[in-house]
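Commentary on secondary and tertiary structure
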Amino acid sequence: MAIELDQVGRRPEWPDTLDVRALLESGWRPTPFREFIIKVHSRCNLACDYCYMYEMADQGWRRQPRRMSRPVIDQVARRVAEHAEANLLRRVDVVLHGGEPLLAGVDHLRYAATTFRAALPDVEVGLHVQTNGVLIDSYYLELFDELDITIGVSLDGDEEGNDRHRRRADGRGSYREVRAGIEALTAPAYRRLFGGILSTVDLRNDPVATYESLLAFDPPSVDFLLPHGNWDAPPPGRPDDGSAPYGDWLIRVFDRWYGAEVQETRVRLFSAIIRLLLGRRFIGESVGLAPVSLVVVETNGRMEQVDALKSTFEGAAGTPLHVARDPFDRALMLPPIVARQIGERALSPLCRKCRIRRVCGGGHYVHRYRSGEGFLNPSVYCNDLYRLITHIHEVVAADVKGLSP
């Protein structure tokens, strides 16, 4: 029997072969989308060498319009409103994203924000921007203040640590411009808009110095991200042995964070692991088994999966759906999106036997890819996650035990 290839000539891999009908017949039902990542601009003013959008396997950004047009914004907003009404959602979160979203301009971002709010008059709409921080100025801050838009900024540490990777195309570092942007954002008039800092781990950067350099901005939260890699293209410094360099790096930050006399900020990954260890729920992609309820819309209006999938292979994030003709409910039935919502059933056989599987959740889905097998594998960071989670468990358990009479 001939093997059917997908639209880019690849053999089907898991989860392309997932039987959605059988899942529905067993009683499974999809979780509606609650977070909509809107790619208002497809280009960037930095050239970060680890960027999954521009530097890794999928180069589809080259075929995207630079900016999402106003008619497409209108279509997306109508589809979000349709989805919210059909699924009785009381709140949705809309993230204006890129590339670098501030390249879209003040007027265009105003149009996007007001269009979403107008399309969902009976739904609470949380509006957010994720930016590299270089273009933050008084014009943007006045806009975000007026429209109550939360701002997240990407920064990898101090000047030396940040500028290892987060540079302009001519090699100039971005730290000083980003610092100026964050300082403007954290002025008293605008501090309430500060959502937090995203920071990608580099093993060459001192973990405690990195954390403390971010603390200097008094962020409400910090989210440490593992560099995107997979079994075909392992992340830097991730040897094929039993070591756990990323786990060890994060443990040093955890011990500094957890050991502080007062909590100086929220570190999302650590807070998530503690919640899961205590049997509570965490909704996110990095750990745990909660259904992923986000969807991406590219500048041309095409619906996509989480864009970090672009780090694995050409077309990995793509779907055949477009906001001009398809409702978001249709995307909920696509096997790759279903796979992000079925919890333990999406784990590899090895992961299902692991004692920390409900906390780890197999790690970030993107980091499980291996060509020929798809995503039904442990994370390429398996050793690191195990080391980190068991360390946090030991520390928290000792604290709890110490409270016993």
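See the structure shown above.
Let me sum up the structure you'll find in this document. (Residues numbered from 1 in each chain as written. Predicted model: local features only at pLDDT ≥ 70, side-chain atom pairs only at ≥ 80, totals over all residues. Heavy atoms only, no water.)

A few points about the overall build of the protein
Spelled out, the test is: Each helix is a run of DSSP H or I of at least 4 residues and each strand a run of E of at least 2, with the numbering of both proceeding from the N terminus. Each radius of gyration reported is based on C-alpha atoms, and the globular scaling rule is 2.2 Å times the count of residues to the power 0.38. Burial classification: accessible surface area is computed with a 1.4 Å probe over protein chains only, and a residue below 20% of its type maximum counts as buried, one above 50% as exposed, and the rest as partly exposed. A contact between two residues is defined here by any heavy atoms of the two lying within 4.5 Å.
A count of helical and extended segments in the protein gives 14 helices and 10 strands. Whereas a compact globule of 405 residues would reach a radius of gyration of roughly 22 Å, the protein reaches 21 Å, a difference of no more than 12%. Per-residue burial over the protein gives 56% buried out of 405 residues. Sequence separation of at least 24 residues holds for 72% of the intrachain contacts in the protein that already meet a minimum separation of 6.

Looking at the side chain of Asp326
What counts, and what does not: N or O atoms within 3.5 Å of each other form a polar contact, as long as, within protein, one can give a hydrogen and the other can take it, and as long as residues adjacent in sequence are counted only when both atoms are side-chain atoms.
Take Asp326: it is sitting in the loop between strand S10 (318-322) and helix H10 (328-331). A distance of 2.7 Å separates a polar atom in the side chain of Asp326 from a polar atom in the side chain of Arg330. Ignoring sequence-local partners within four residues, the contact set of Asp326 consists of Arg79, Met303, Pro320 and Leu321.

A word on the nonpolar core
Threshold: Buried Ala, Val, Leu, Ile, Met, Phe, Trp, Tyr and Cys residues that are joined via side-chain atoms within 4.5 Å together make up what is termed a nonpolar core.
Judged by nonpolar contacts, the single largest core of 97 residues is most densely connected at Ile38, Phe144, Phe224 and Phe270. The residues touching Phe224, leaving out its near neighbours within four places in the chain, are Ser199, Val201, Thr210, Tyr211, Leu214, Trp249, Leu250, Val253, Val267 and Leu269. Of all hydrophobic cores here, the second largest spans 24 residues; its members include Trp14, Ile37, Val292 and Phe375.

Quick notes on the side chain of Gln341
Looking at where Gln341 falls in the secondary structure, it is placed in the loop between helix H11 (335-338) and helix H12 (349-352). Take Gln341: its relative accessible area is 5%, and that puts it in the buried class. Gln341 has contacts with Trp28, Pro30, Thr31, Pro291, Val292, Ser293 and Leu332, leaving out every residue within four places of it along the chain.

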